[in-house]
Amino acid sequence: MPVISPPVPIEKSQPRNGGGGVHPPAHGGGGDNGPGDGSFDYGRRLRRARLGLLLALSSISILFVTMTVVFMLLPFELPVRLLLLNTFVLLASSITIEFARRSLAREMVLEPVRSIPGITLDRERGIPWLGITIAFGLLFLLGQWAAWRALQGRGFHMFTGVPSPFFYILTGAHAIHLIVGLLVLSYAGVISWWHRNIQQRRIVIETAAWYWHFMGALWVYVFALLQFGR
């Protein structure tokens, strides 16, 4: 006669890694300030910003090289002392923006430590290097305007014929590009005052510092060619 086997009990599968059965993502979520892919996103954004800046600086370099080559073919007397003083001011601003960049880099290194419970670090209240850089930039523009006035006092106006317009165009183009840098530095100062995301602040400062150093080197190149290249 047939033998009936007892039913085999079926065990219910138990969720692993605790209740809920929902596994966390492999690389972590990571918000704006939390762990996860934040560092990767910061590095990618910084590389994109640098690449865009390099493309812009390449086009600016071509523009200024073309203008200086044309200007070198024309005899002209420059207000050398005033332009030399402006050069020192702009080089000093390049030093202060570097201090501002390094100060923010140190702050970014200490930021993960500040997020640890029970650990408090006082924020640095050092020298406002960013504000000093902006002041130097404005002083340079004021000096360039004074150079224009000195040139007009010698009878060389914008539309008196060559070579006057080339000097005004060359220095004016540099001043316009420098104003763009001042606007970026002002934006960096505003977001620093509001204590925005430190990664965003670092990207802005890094990009602005590169641009500002380029403006300083570009002016040295222009001034050297105008003074000694003819």
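I will try to describe carefully the structure that is included in this document. On a predicted model such as this, the values are computed, not experimentally measured, just so you know.

### Brief notes about the pattern of salt bridges
When the charged atoms of two side chains lie near each other, side chains of opposite charge can form a pair.
Part 1 of the reasoning: This structure, assessed with the given rule, holds 5 salt bridges.
Part 2 of the reasoning: The residue Arg 201 makes a salt bridge to Glu 107 at a minimum N-O spacing of 3.2 Å. One end of the pair, Arg 201, is in helix 5 (residues 198–228); the other, Glu 107, is in helix 2 (residues 80–114), with 94 residues separating them in the sequence.
Part 3 of the reasoning: With a closest N to O distance of 3.0 Å, Glu 206 and Arg 202 form a salt bridge. With Glu 206 and Arg 202 both in helix 5, this residue pair falls 4 residues apart, about one helical turn. Per residue, the accessibility class of Glu 206 equals that of Arg 202, and both read buried.
Part 4 of the reasoning: Put simply, Glu 98, Arg 101, Arg 102, Arg 202 and Glu 206 are held in one network by salt bridges that share partners.

### Description of the packing of aromatic side chains
Part 1 of the reasoning: Following the criterion strictly, the structure yields 4 aromatic pairs and no others.
Part 2 of the reasoning: Each ring, one from Phe 99 and one from Trp 129, has its centre 4.6 Å from the other, and the planes form 40°; the classification is tilted. A residue pair is termed long-range when its members are at least 10 positions apart, and Phe 99 in helix 2 and Trp 129 in helix 3 (residues 129–153) qualify at 30 residues.
Part 3 of the reasoning: Seen from their ring centres, Trp 219 and Phe 223 are 6.3 Å apart, and the 20° between their planes marks the pair as stacked.

### Remarks on the side chain of Thr 87
Part 1 of the reasoning: Relative to the assigned elements, Thr 87 resides in helix 2.
Part 2 of the reasoning: By relative accessible area, Thr 87 is classed as buried at 6%.

What counts and how
- Residues numbered from 1 in each chain as written.
- Predicted model: local features only at pLDDT ≥ 70, side-chain atom pairs only at ≥ 80, totals over all residues.
- Heavy atoms only, no water.
- Salt bridge = Lys/Arg side-chain N within 4 Å of Asp/Glu carboxyl O.
- Helix = DSSP H or I, 4+ residues; strand = E, 2+ residues; numbered from the N terminus.
- Buried < 20%, exposed > 50% of the residue type's maximum accessible area, 1.4 Å probe, protein only.
- Phe/Tyr/Trp six-rings, centres within 6.5 Å; stacked < 30°, edge-to-face > 60°.

Any functional reading would require information beyond the geometric quantities listed.
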